[in-house]
Amino acid sequence: MKKIFGGINLTWPKVIVMGIIMGVYTAIMAMVSCFHDTSFSDLTVTFEVWIFFGIFIIINSKSAKDSALKCFIFFLISQPLVYLIQDFVNHSSLFNTYYRYWFMWTIACIPMGFVGYYMKKDKWYGLFILVPILLLLSGEYSTYLSETMFSFPRHLLTTIFCIITLIIYPLVIFKNKRIKIVGVSISSLLIVIMSVLCILKPPIYSTDILTSGESYKFDDAYNVYLKDNKYGDLSIVYEDSIETWLVHADFKKSGKTEFVLESPNGEEKVFDLSIRRDTYTVLEK
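This report concerns the structure included in the present document. (Residues numbered from 1 in each chain as written. Predicted model: local features only at pLDDT ≥ 70, side-chain atom pairs only at ≥ 80, totals over all residues. Heavy atoms only, no water.)

1. A closer look at the side chain of K180
Here comes step 1: Within the fold, K180 resides in helix 7 (residues 177–200).
Here comes step 2: Here K180 sits buried without a salt bridge, and the closest side chain of opposite charge, D122, lies 7.7 Å off (N-O distance).
Here comes step 3: In this structure the side chain of K180 is engaged in a polar contact, spanning 3.4 Å, whose partner is the backbone oxygen of L171.
Here comes step 4: Leaving out residues up to four positions away in the same chain, K180 has contacts with P170, L171, F174 and K175. (Helix = DSSP H or I, 4+ residues; strand = E, 2+ residues; numbered from the N terminus. Buried < 20%, exposed > 50% of the residue type's maximum accessible area, 1.4 Å probe, protein only. Lys, Arg positive; Asp, Glu negative; His and termini not counted. Salt bridge = Lys/Arg side-chain N within 4 Å of Asp/Glu carboxyl O. Polar contact = N/O pair within 3.5 Å; in protein donor to acceptor, adjacent residues only side chain to side chain. Contact = heavy atoms within 4.5 Å.)

Here is the structure:
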């Protein structure tokens, strides 16, 4: 591990090739449907993997200026490629839509890479430089722990990656034992806090899955329920804005089950229900 963080001769050709490889890889993960909503595609939307490469470049750079420029060039190559490849393959316009946001982060890599280099000085101010990175990474950990709780084992690898890197960064960046101990303690505390928050407030996907209208007519005299209530709860609610009744769902986990819409006279309609983290499908049986 110490070889990776501080023992690499990080030349400019290596930075350029690394940027190209990561841009191509990320684009592929974004385009191949079997990778969607998995740990393999998480780097297309969040920071945890890109934080790793940023720290890798910073720790293996020869000076603050070298660190700033190499971070900037790596992200200047990799991020546009992610969108340009998708636009070329899918005839889309993702680059124009999304790259402006990531370009701002790319510009920010110059001061972040410059300041980040001073973590190598093995001083207490280096830990203060690292703490915002740990906070950002703990936020990503919280996000993916919730995703894993809802759709196990999806995003489990990303969740584990966040835990490992939170602990590893203070250990490999600093040589001073006191700084290491304090850094690991901060990371451990963040992991515990985020874990407890996720457990106390488990993920819920709230949505409306059926509307009273031409196909199905119902009101609050009807009863609706899931055949397996481990997936969540259903209720019938009235929506004033569209002046109709809806079947409202609070899903607790992904999977496949059935739900029943029961009329006051006992007539039942049964539906197949497939639940994902942010979408669902309903088919009448």
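2. Considerations on unusual backbone geometry
Here comes step 1: Cis geometry is adopted by the peptide bond preceding P153, which originates at F152 and carries an omega value of 5°.
Here comes step 2: The residue P153 is located in the loop between helix 5 (124–151) and helix 6 (156–173) in this model.
Here comes step 3: For H91, which is not glycine, the phi dihedral falls at a positive 55°.
Here comes step 4: With respect to the helices and strands, the residue H91 is situated in the loop between helix 3 (64–90) and helix 4 (94–116).
Here comes step 5: We classify H91 as exposed; its relative accessible area is 72%.
Here comes step 6: Its identity is not glycine, yet H155 carries a phi of approximately 70°, on the positive side.
Here comes step 7: Mapped onto the fold, H155 is located in the loop between helix 5 and helix 6.

3. Description of the environment of K175
Here comes step 1: With respect to the helices and strands, K175 occurs in the loop between helix 6 and helix 7.
Here comes step 2: A relative accessible area of 72% places K175 in the exposed class.
Here comes step 3: The spatial distance from the C-alpha of K175 to the C-alpha of T44 is 33 Å, given a sequence separation of 131 residues.

4. Focus on the sheet that holds strand 1 (residues 205–211)
Here comes step 1: In spatial order, the strands read 1-4-3; together these three strands make up an open sheet with antiparallel pairing. This sheet does not close on itself; its edge strands, each paired only once, are strand 1 and strand 3 (232–239). When the angles between neighbouring strand axes are averaged without regard to direction, this sheet yields 30°.
Here comes step 2: The pairing of strand 3 with strand 4 (residues 244–251) spans eight bridges and is classified as antiparallel. (Pairing = 2+ DSSP bridges. Axes fitted to C-alpha atoms, helices over the stretch in contact; angles between N-to-C directions.)

5. With respect to the packing of helix 2 (residues 48–59) against helix 3
Here comes step 1: Direction vectors running N to C along helix 2 and helix 3 enclose 145°, while the axes themselves pass 9 Å from each other. Along this stretch, helix 2 crosses helix 3, giving a crossing that reads as right-handed. Residues W50, F53, G54, I57 and I58 of helix 2 touch helix 3, and the partners they reach there are S67, K70, C71, F74, F75, S78 and Q79. (Left-handed = near helix turned anticlockwise from the far one by under 90°.)

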